[in-house]
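One-letter residues, chain by chain:
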Amino acid sequence: MLDIRLIREQPELVKAGLEKVGADPQMVDQVLAFDEERRRLETEVSEMRARRNAGSKEIGRLKDEAEREARKAEMRLLGDAIAERESRLNQVNAEQQTLMLSLPNLPAPDVPPGKDESENVVVRVVGEPRSFDFTPRPHWEIGAALGILDIERGVKISGSRFYVLKGMGAALQRALITFMLDLHITQHGYTEIYPPYVVKEHCLVGTGQLPKFGENLYRDIEDDFWLIPTAEVPVTNLHRDEILEASALPLRYVSYTPCFRREKMSAGRDVRGIKRGHQFDKVEMVKLCRPEESAAELTTLLDNAEDVARKLQIPYRIVQMCAGDLSFTAAAKYDLEMWSPACGENGGEWLEVSSCSNFHAFQARRANIRYRPEPGARPEYVHTLNGSGLALPRVMIAVLENYQNADGSVTVPEVLRPYLRGLERITP
RNA sequence: GGAGGGGUCGCAUAGUGGUCUAGUGCGCCCGCCUCGAAAGCGGGUAGGUCAAAAGCCUCGCGGGUUCGAAUCCCGCCCCCUCCGCCA
């Protein structure tokens with residue numbers, strides 16, 4: 001959510017920001033219209049309530065019965081008038097709130113302009129794509145041949161976009177998870193969190209998935225339970241409605257969870273292999289910090305994600321999102337993409353394995369997460385950030401495809417061997 | 001899931017229809033006192049709205065009764081105890 005004061009005081013600046021991300025700047029005028037009406041009613045109602053409060057108190061002191069009854073009748077009328085305006089106030093309030101929740105975040109000043117994906121900026125490329133002396137095979141072939149990936153049976157059990165990992169396939173993913181967690185916990189200063197995998201609706205509003213993107217979520221009809229699309233949701237919401245001590249910041253959390261997505265919006269995309277499933281595992285990093293720290297925290301967040309790729313020795317690149325390709329909630333965002341030599345249409349493509357974002361106070365305002373800058377000072381909103389560290393299926397793809405050998409075996413990256421009882425190669 | 005008890009300002013509690021603009025104790029902060037500290041004494045200690053003050057809103061949440069609700073009624077949520085079920 002944007003700061004209503006900013007919208008009030010600098011509407012042109014907000015409009016310009018919305019225009020940059022491709023949103024309709026007219027929404028600012030709508031919000032302001034609601035805001036004006038709301039404030040007018042608010043003032044009116046609170047003035048009337050003050051009169052009623054005083055009048056009611058007066059009745060308690062009156063001795064004369066006739067006088068009491070007269071005042072009661074008067075107050076009853078006032079009460080009806082208050083109720084009428086209150087219901088209008090509630091309505092305007094709700095409308096303004098709905099609109100506020102549908103406004104995307106504004107881009108940070110240093111975000112490059114651009115309309116869409118095509119104008120994203122490749123910041124750096126790290127590592128050399130390996131040259132093969134044979135034609136590299138895509139992961140679904142490698143996995144099937146090794147008996148570690150079974151897409152058919154996944155589909156049999158749960159339908160399209162599900163798969164089964166078996167034997168060393170399951171173990172490899174588990175090794176990656178543990179390796180990533182250990183790295184972030186012991187080297188990068190994160191605290192591990194095991195959160196619920198289902199959350200209440202308000203949590204999803206807090207992190208920005210709702211109300212706009214509900215069609216991509218799974219939910220339980222009977223209870224207010226939603227399957228998490230990312231650990232970002234429960235972990236960011238850990239501190240909802242809290243006022244944190246400044247000395248507690250920054251908070252850095254890392255959490256491994258499964259993630260569930262309907263992928264309704266990307267129907268037909270990436271149907272081959274395990275690149276885009278309804279259920280996938282992810283190690284996620286989440287930070288809460290002071291506003292002035294967030295830019296620097298984004299830099300280290302990205303570096304923490306990159307460290308995984310560096311240690312796995314898989315070529316990757318960093319792409320900065322242009323304004324038009326930012327997500328709804330992000331003020332700034334960098335993607336980490338690993339090289340897949342055989343996944344793409346023409347042999348080889350970059351796979352997004354992490355998005356590292358700074359949300360500024362956008363989520364904090366929605367989830368009401370604040371901190372006290374100084375003892376005794378008024379609470380202010382924190383900044384939140386998050387980034388994958390990393391998403392498992394695509395890292396699995398990158399490992400299988402980059403480390404494949406001519407005989408169909410897959411060499412185990414050195415950093416993973418301690419997690420696989422020293423295994424050096426996955427063979428049939 | 002069933003029965004009973006309970007959710008009040010960081011913690012503990014008081015408050016059962018109108019001086020509650022919620023009292024008290026503890027904790028914390030400031031001051032006095034002291035060489036310093038403890039004790040003692042005095043003061044301050046939720047959030048939101050508003051440029052700010054006044055005012056208004058918030059006593060788990062949402063409705064209702066009433067001139068007036070922390071207080072009465074209804075529904076829901078959560079916690080505790082017991083029972084049932086169960087990794």
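Look a little higher up for the structure.
Since the model is a prediction, treat every value here as computed from it, not as a measurement.

Student: Even after reading the chapter, I still don't get the overall build of chain A, so can you show me in this structure?
Tutor: Looking only at helices and strands, one finds 12 helices and 18 strands in chain A. If one aligns the C-alpha atoms of chain A with their principal axes, the spans along those axes are about 100 × 45 × 45 Å. Taken across its 428 residues, chain A has 51% of its residues classed as buried. Of the roughly 20,500 Å² of accessible surface on chain A, a fraction of 49% belongs to carbon and sulfur atoms. Looking at charge distribution, chain A has the averaged site of its 56 positive side-chain charges lying 3 Å from that of its 65 negative ones.

Student: I would appreciate a short explanation of the protein's contact with RNA strand B in the present structure.
Tutor: If you check the shell around RNA strand B, you find 21 residues, and the closest are Arg8, Ser56, Arg76, Arg370 and Arg372. Within 4 Å of the protein, the contacting atoms of RNA strand B are drawn from sugar and phosphate to the extent of 75%. Arg49 places a polar side-chain atom, nitrogen or oxygen, 3.3 Å from a sugar or linking oxygen of RNA strand B. Broken down by secondary-structure element, the contributors of at least two residues to the surface near RNA strand B are helix 1 (4-9), helix 3 (26-61), helix 4 (65-102) and strand 14 (369-372). The element contributing the most residues to the surface near RNA strand B is helix 3, with 10 residues. Taken together, the residues of the surface near RNA strand B break down into five nonpolar, four polar and 12 charged.

Student: Before we go on, may I ask you to explain the sheet that holds strand 9 (residues 251-260) in this structure?
Tutor: Pairing between the strands of a sheet is mediated by backbone hydrogen bonds and can be parallel or antiparallel. Strand order across the open sheet formed by eight strands is 1-11-12-13-16-10-9-4, with mixed pairing between neighbours. The sheet terminates laterally at strand 1 (121-126) and strand 4 (191-192), the two strands that pair on one side only. The sheet contact formed by strand 10 (residues 279-289) and strand 16 (residues 383-391) spans seven bridges and is antiparallel. Paired with Met285 across the strands is Gly387, a residue of strand 16. Contacts from helix 7 (residues 168-186) reach strand 4, strand 9, strand 10 and strand 16, with the element oriented near 5 degrees to strand 10.

Student: Just checking my understanding: could you explain the side chain of Gln363 for this structure?
Tutor: Along the chain, the position of Gln363 falls in helix 11 (residues 362-367). On the basis of relative accessible area, Gln363 is assigned to the buried category, the value being 0%. Excluding residues that lie within four positions of it along the chain, Gln363 makes contacts with Gly206, Thr207, Glu232, Thr236, Asn368, Thr384 and Asn386.

Student: Looking at this structure, how should I read the environment of Pro250?
Tutor: Relative to the elements of secondary structure, Pro250 occurs in the loop between strand 8 (242-245) and strand 9. Put simply, Pro250 and Leu103 are 147 residues apart on the chain and 27 Å apart in space, counted from C-alpha to C-alpha. Excluding anything up to four places from it in sequence, Pro250 contacts Leu288, Cys289, Glu293 and Glu297.

Student: What is the right way to read the pattern of salt bridges from this model?
Tutor: For side chains bearing opposite charge, pairing can occur when the charged atoms are close. Evaluated as defined, the whole model comprises 31 salt bridges. Residue Asp35 is joined to Arg8 by a salt bridge in which the shortest nitrogen-to-oxygen separation is 2.6 Å. Linking Asp35 in helix 3 with Arg8 in helix 1, this pair joins segments that are 27 residues apart in sequence. Its salt-bridge partner being Lys15, residue Asp29 comes within 3.0 Å of it at the nearest N-O pair.

Student: Could you clarify how one ought to interpret the packing of helix 7 against helix 10 (residues 294-312) in this entry?
Tutor: What describes two packed helices is the angle between their axes and the distance between those same axes. At their nearest, the axes of helix 7 and helix 10 sit 10 Å apart, and the two run at 130 degrees to each other. When the axes of helix 7 and helix 10 are compared, the pair comes out oblique. Of the two possible hands of crossing, helix 7 and helix 10 adopt the one that is right-handed. Residues Leu176, Phe179, Met180, Leu183 and His184 of helix 7 form the contact with helix 10, whose participating residues are Asn304, Asp307, Val308, Lys311 and Leu312.

Student: How should I be thinking about the sheet that holds strand 7 (residues 225-227) in this particular structure?
Tutor: Ordered in space as 5-7-6, the three strands form an open sheet in which the pairing is antiparallel. On the outer flanks of this sheet lie strand 5 (198-199) and strand 6 (219-220), each paired with one strand and no other. Two elements, strand 6 and strand 7, share two bridges in a ladder whose sense is antiparallel. Paired with Asp220 across the two strands is Phe225, which belongs to strand 7.

Student: I tried to follow helix 6 (residues 151-158) on my own but got confused; where do I start?
Tutor: Because an α-helix completes one turn every 3.6 residues, residues spaced three or four positions apart along the sequence face the same direction. Measuring from the backbone nitrogen of Glu152 back to the side-chain oxygen at the start of helix 6 gives 3.4 Å, which picks out Asp150 as the cap. One or two positions beyond helix 6, positive phi appears at Gly159, with a value near 100 degrees.

Student: Mind showing me how you'd approach the environment of Glu141 here?
Tutor: Within the fold, Glu141 resides in helix 5 (residues 139-146). Glu141 gets classed as partly exposed once you look at its relative accessible area, which sits at 37%. Separated by 112 residues in sequence, Glu141 and Asp29 have C-alpha atoms that sit 55 Å apart.

Student: For this particular structure, what's the right way to read the pairing of strand 14?
Tutor: Looking down a regular strand, the side chains alternate between one sheet face and the other. Across the two faces of strand 14 the burial differs, with Ile369 and Tyr371 buried and Arg370 and Arg372 not buried at all. For strand 8 and strand 14, the ladder comprises four bridges, and the chain directions are parallel. When the bridges of strand 14 are listed, Glu242 appears paired with Ile369. By the bridge criterion, two bridges tie strand 14 to strand 15 (residues 380-381) in an arrangement that is antiparallel.

Student: Would you mind going over the state of the cysteines with me for this structure?
Tutor: Two cysteines, two sulfur atoms, one covalent bond between them: this is a disulfide. One pass over the full model with this rule turns up zero disulfides. Cys289 forms no disulfide, and the closest cysteine sulfur to it belongs to Cys356, at a distance of 14 Å. Looking at the unpaired Cys322, the closest cysteine sulfur is the one in Cys356, lying at 17 Å. For Cys322, a relative accessible area of 0% translates into the label buried.

Rules and cut-offs
- Residues numbered from 1 in each chain as written.
- Chains lettered and ligands numbered in written order.
- Predicted model: local features only at pLDDT ≥ 70, side-chain atom pairs only at ≥ 80, totals over all residues.
- Heavy atoms only, no water.
- Helix = DSSP H or I, 4+ residues; strand = E, 2+ residues; numbered from the N terminus.
- Buried < 20%, exposed > 50% of the residue type's maximum accessible area, 1.4 Å probe, protein only.
- Areas by Shrake-Rupley, 256 points an atom, 1.4 Å probe, with all protein chains shown as cover.
- Lys, Arg positive; Asp, Glu negative; His and termini not counted.
- Charge placed at Lys NZ, Arg CZ, Asp CG, Glu CD.
- Near = heavy atom within 4 Å.
- Polar contact = N/O pair within 3.5 Å; in protein donor to acceptor, adjacent residues only side chain to side chain.
- Nonpolar A, V, L, I, M, F, W, Y, C, P; charged D, E, K, R; others polar.
- Pairing = 2+ DSSP bridges.
- Contact = heavy atoms within 4.5 Å.
- Axes fitted to C-alpha atoms, helices over the stretch in contact; angles between N-to-C directions.
- Salt bridge = Lys/Arg side-chain N within 4 Å of Asp/Glu carboxyl O.
- Parallel < 35°, antiparallel > 145°, perpendicular 65-115°, else oblique.
- Left-handed = near helix turned anticlockwise from the far one by under 90°.
- Disulfide = S-S within 2.5 Å.

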